[in-house]
Amino acid sequence: MSVKAKAAAAPEVGAIPENFKAKAHIDAATYEKMYAASISDPEAFWGEHGKRLDWIKPYSKVKDTSFEPGNISIKWFEDGTLNVAANCVDRHLKKRGNQTAIIFEPDDIHEPAQYITYRQLHNQVSKLANVLEQLGIRKGDRVVIYLPMIPEAAYAMLACARIGAVHSIVFAGFSPDALAARVNGCDAKLVITADYAPRGGRKTPLKSNTDAALLHCIHDPKVLMVRRTREQTTWVEGRDFDYGEMMLEASDVQHPIEINAEDPLFILYTSGSTGHPKGVVHSTGGYLVYAAMTHQYTFDYHDGDVFWCTADVGWVTGHSYIVYGPLANGATTVMFEGVPTYPDPGRFWEVCEKHKVNQFYTAPTAIRALMGQGDEWVEKHDLSSLKLLGSVGEPINPEAWNWYNEKVGKGKCPIVDTWWQTETGGHLITPLPGAISTKPGSATKPFFGVQPVILDPQSGLEIDSVEAEGVLCLKDSWPGQMRGVWDDHGRFEQAYFSDYKGYYFSGDGCRRDADGYYWITGRVDDVINVSGHRMGTAEVESALVAHAKVAEAAVVGYPHPVKGQGIYCYVTLMNDVEPTQELYQELRQWVRHEIGPIASPDLIQWAPGLPKTRSGKIMRRILRKIAENDYGSLGDTSTLADPSVVEDLIENRMNKG
Ligand code: PRX
């Protein structure tokens, strides 16, 4: 059944629960009023809401932004100064020094949880800021963080922010090569890592990965290592420093420095449709205003609530909704080191029960995986503390939405399906749960200040009718918007502002229904979304062709029941190489090794030839259709140099039927 038909068939699903509505920060009338104000006078609106932060020097200018070709410029609160760590930690000490800031839930169920108060957080962050300074890190220097999901990851982010260093977190599942590219990409002076990263009962050797990565690094960054498992690691004298030892010695007195609102807070690499991952740069002031405000309103966070976002700090979701947004709001945030299915598929619900979680935010891929394990894993836990559920990272199919609603939320928790991106810093299209009733599979309506438009992909013109389908763009800036691509302003303009002049192009397709609700239909570029992880097909292709036996490769996404999309690779081997099962496994391992396990191919099809135009361009549209087992709508193949290639590929399509 289509998403639309299902939504229409069950009108009561998605209604705002009465008890929720009564207590919510924002009701329907307030949403309408505030949204209208945010669009008609953004300066006044954000000038007011920027005050949710403590500024060292208050801003006098609020917004100076332009999406005009040749003149792309995004500045918010540009003459204000502040410190992010002071806003996330110090300013809460008076009122909530003894309140838990971070609940740390380790991978191993036998290891006790940790409850870190704001005072303890202050102590750790101040000390670490001193350690960073001792290691020679100064304002503007880049620090790569390659850590497990442990509190030290949050300390490291905040310690960087405290001294104005720019952090770049690399997900602990990335390979040494991917780490090296990111260390080199921002010319990092320091890598903060751990001996090992425990996850799902296994361990990733982060320190030896770091050692391997640094062999390929142009400059010689220092390494600060947290002892997570306390196992033996190699040690390079003079380069490697012991986190625990340095923290013991460090003073806990450290004054947060004054930072301009437009100075960079962090870089986060993300995949695009072409080339290597881009270093997305986020600002200090606008980003924090936006992360904090969306955290409070989208999740309807109230003082004393326990908030759990299951993402990893290696992704933007972890930046904005584990660390910066919640802590700026003085919240209690859960950091979970493990995976949803370890030691059993009840882990998420056990953690919700144990810590009395009020708002729970996860990805559809996790919901689908757990749904497949049977309801008993949910039913054996007391989930009565839950008030709201969230979804992020990919479209949520109605089956998963309904299961989440009925089995986890017991029909009493609004579901916020939040659409946003690494580039956007925070939610752009999302229900505000006390104001907007939901429909399974729709991200619903824009957040304050956000002006989504649907363009006709061919003409590039806005489709004005309420019902519309096309590409999703944004008409004007919002404070959490990325400020650029690290070290490459040209690429910023090229990637986001060149396809549709005067707009920010999201890369997503979208439909707007008769009620003005937005339905994200997925990427329209060569980016695929695997288990909520964003992957450039070009990256997987270049990993494959780096293998000596591979002549050519083309990678596309295809529908996968749990991951959303799977990675489908067409591989042409060198002339004298035979396709074998061993080589199949070797290539899968190779890609895991080159990029990391998240890029592991799901299917490889040996392709004696790839469909190309006469000018040599691979026709991906055809490859996508074959991967989807959709041979009826291959479209025009007459422009192919050799149309027989297509028949051969269809003939050999893996898992036919
Ligand atoms: O295609 C959209 C999808 O994820 C992309 C952004 O990926 P990333 O930068 O890794 O950030 C993920 C977490 C914010 C988008 O272009 N996406 C994200 N959220 C949704 C979504 N697709 C549909 N519905 C969503 N709620």
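Rules used throughout
Residues numbered from 1 in each chain as written. Predicted model: local features only at pLDDT ≥ 70, side-chain atom pairs only at ≥ 80, totals over all residues. UniProt positions renumbered as here; feature names shortened; annotations may be inferred. Helix = DSSP H or I, 4+ residues; strand = E, 2+ residues; numbered from the N terminus. Pairing = 2+ DSSP bridges. Contact = placed C-beta atoms within 7 Å. Axes fitted to C-alpha atoms, helices over the stretch in contact; angles between N-to-C directions. Buried ≥ 20, exposed ≤ 12 C-beta atoms within 10 Å, placed from the backbone. Near = placed C-beta within 6 Å. Parallel < 35°, antiparallel > 145°, perpendicular 65-115°, else oblique. Nonpolar A, V, L, I, M, F, W, Y, C, P; charged D, E, K, R; others polar. Arc of directions from axis to C-beta.

Some points on the UniProt feature "domain: AMP-dependent synthetase/ligase" (unreviewed entry) in the chain
Then, in step 1: UniProt's entry tags residues 90-486 with the feature "domain: AMP-dependent synthetase/ligase" (unreviewed entry), counted in the numbering of this structure.
Then, in step 2: Segment residues 90-486 splits into 30% helix and 22% strand. End C-alpha atoms: 29 Å apart.

Considerations on the sheet that holds strand 11 (residues 222-226)
Then, in step 1: Strand order in the open sheet formed by 8 strands is 12-11-8-6-7-14-15-23, and the pairing between neighbours is mixed. The sheet is open, and its two borders are formed by strand 12 (240-242) and strand 23 (484-485), each paired with just one other strand.
Then, in step 2: Looking at chain direction, strand 11 and strand 12 are connected through 3 bridges and run parallel. Opposite Met-225, over in strand 12, you have Asp-242 as the bridge partner.
Then, in step 3: Lying on the sheet, helix 10 (residues 206-214) is in contact with strand 6 (142-146), strand 8 (190-194) and strand 11; it crosses strand 8 at an angle near 150 degrees.

As for unusual backbone geometry
Then, in step 1: Here the amide bond leading from Tyr-342 into Pro-343 is cis, since omega sits at 0 degrees, within 30 degrees of zero.
Then, in step 2: Here Pro-343 shows up in the loop between strand 17 (332-336) and helix 14 (347-355).
Then, in step 3: Of note, the phi angle at Asp-300 is positive, near 45 degrees, even though the residue is not glycine.
Then, in step 4: Locating Asp-300 in the fold gives a position in the loop between helix 12 (285-298) and strand 16 (306-309).
Then, in step 5: Even without being glycine, Lys-410 reaches a positive phi, approximately 50 degrees.
Then, in step 6: Since 12 C-beta atoms lie within 10 Å of it, Lys-410 is described here as exposed.

Looking at the site of the ligand
Then, in step 1: Taken together, 21 residues sit near the ligand, with Trp-419, Gln-421, Thr-422, Ile-520 and Arg-534 positioned nearest.
Then, in step 2: Elements with a contribution of two residues or more to the shell around the ligand: helix 13 (316-328), strand 20 (415-418), strand 24 (504-512) and strand 25 (518-523).
Then, in step 3: Looking at the shell around the ligand element by element, the count peaks at 3 residues for strand 24.

Remarks on the packing of helix 15 (residues 364-371) against helix 17 (residues 398-408)
Then, in step 1: In the contact formed by helix 15 and helix 17, the axes pass within 10 Å of each other and the chain directions differ by 75 degrees. Of the possible angle classes, the one that applies to helix 15 and helix 17 is roughly perpendicular. Where helix 15 abuts helix 17, its residues Pro-364, Ile-367, Arg-368 and Met-371 lie against Ala-400, Trp-403 and Tyr-404.
Then, in step 2: Here the residues of the contact of helix 15 with helix 17 are counted per class, giving 6 nonpolar, no polar and 1 charged.

Here we look at helix 10
Then, in step 1: Buried within helix 10 we find Leu-206, Lys-207, Asn-209, Thr-210, Ala-213 and Leu-214. Seen end-on, helix 10 carries its buried residues on one side only, within an arc spanning 160 degrees.

A word on the sheet that holds strand 16
Then, in step 1: Ordered in space as 5-4-17-16-18-19-20, the 7 strands form an open sheet in which the pairing is mixed. Only two strands of the sheet have a single partner each, and these edge strands are strand 5 (114-117) and strand 20. Pairwise comparison of adjacent strand axes, ignoring direction, gives a mean angle of 20 degrees for this sheet.
Then, in step 2: Both strand 18 (residues 359-362) and strand 19 (residues 388-392) contribute to a ladder of 4 bridges, which runs parallel. When the sheet's bridge partners are listed, Tyr-361 is paired in strand 19 with Gly-390.

Structural notes on the environment of Gln-581
Then, in step 1: Along the chain, Gln-581 turns up in helix 20 (residues 581-594).
Then, in step 2: Of the residues examined, Gln-581 has 7 C-beta atoms within 10 Å and is grouped as exposed.
Then, in step 3: Along the chain, Gln-581 and Val-306 lie 275 residues apart, while their C-alpha atoms are 49 Å from each other.

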